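Okay, here's what each chain looks like letter by letter:
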Amino acid sequence: MAKTQLNVRVDEDTARAARERALARGMSVNRYIEELVRQDAGEAGRTFVDAASDFMKQYESVFAEEFGEARGAGEGGR
């Protein structure tokens, strides 16, 4: 995957913390920041899935009433 350079400005304490944490994990600061962003992006995805799951649990009876009890219809071949 092609890399893009991103320049950010942070205060010295934040920069020091990033360097220390990256070093403790045996990785570069670039890799450390990249992983933090990926984790944060993943959190948004998990939040969406959790909200969708809660919605489906809350309205399961409404969907069953509207569309029938077809739940598990395609699961026999697993």
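Remember, it's a predicted structure, so these values are computed and weren't measured experimentally.

### Structural notes on the overall build of the protein chain
When you go through the protein chain residue by residue, the secondary structure sums to two helices and zero strands. The proportion of buried residues among the 78 residues of the protein chain is 6%. Accessible surface, the protein chain: about 7400 Å² in total, of which carbon and sulfur atoms supply 53%.

### Describing the packing of aromatic side chains
The final tally for this structure, using the stated rule, is three aromatic pairs. Measuring from ring centre to ring centre gives 6.3 Å for Phe-55 and Phe-63, while their planes differ by 75 degrees; the resulting arrangement is edge-to-face. Overall, Phe-55 belongs to the partly exposed group, its relative accessible area being 41%. You can call Phe-63 partly exposed: its relative accessible area is 32%. Seen from their ring centres, Phe-63 and Phe-67 are 6.1 Å apart, and the 25 degrees between their planes marks the pair as stacked. Within this pair, Phe-63 and its partner Phe-67 are both found in helix α2 (residues 29-67), separated by four residues, close to a single helical turn. Phe-67 sits in the exposed class, given a relative accessible area of 61%.

### Section: helix α1 (residues 12-24)
For α1, which comprises 13 residues, the first-to-last C-alpha distance of 18 Å matches the rise-based estimate of 18 Å (1.5 Å per residue) to within 8%. Turning to α1, its buried residues are Ala-15, Ala-18 and Ala-22. Seen along its axis, α1 keeps its buried residues to an arc of 60 degrees; they face one direction. In α1, the exposed positions angled more than 90 degrees off the buried face are occupied by Asp-13, Leu-23 and Ala-24. Gly-26, located one to two residues past α1, shows a positive phi value of around 70 degrees.

Rules used in this analysis
- Residues numbered from 1 in each chain as written.
- Predicted model: local features only at pLDDT ≥ 70, side-chain atom pairs only at ≥ 80, totals over all residues.
- Heavy atoms only, no water.
- Helix = DSSP H or I, 4+ residues; strand = E, 2+ residues; numbered from the N terminus.
- Buried < 20%, exposed > 50% of the residue type's maximum accessible area, 1.4 Å probe, protein only.
- Areas by Shrake-Rupley, 256 points an atom, 1.4 Å probe, with all protein chains shown as cover.
- Phe/Tyr/Trp six-rings, centres within 6.5 Å; stacked < 30°, edge-to-face > 60°.
- Expected span 1.5 Å × (residues − 1).
- Arc of directions from axis to C-beta.

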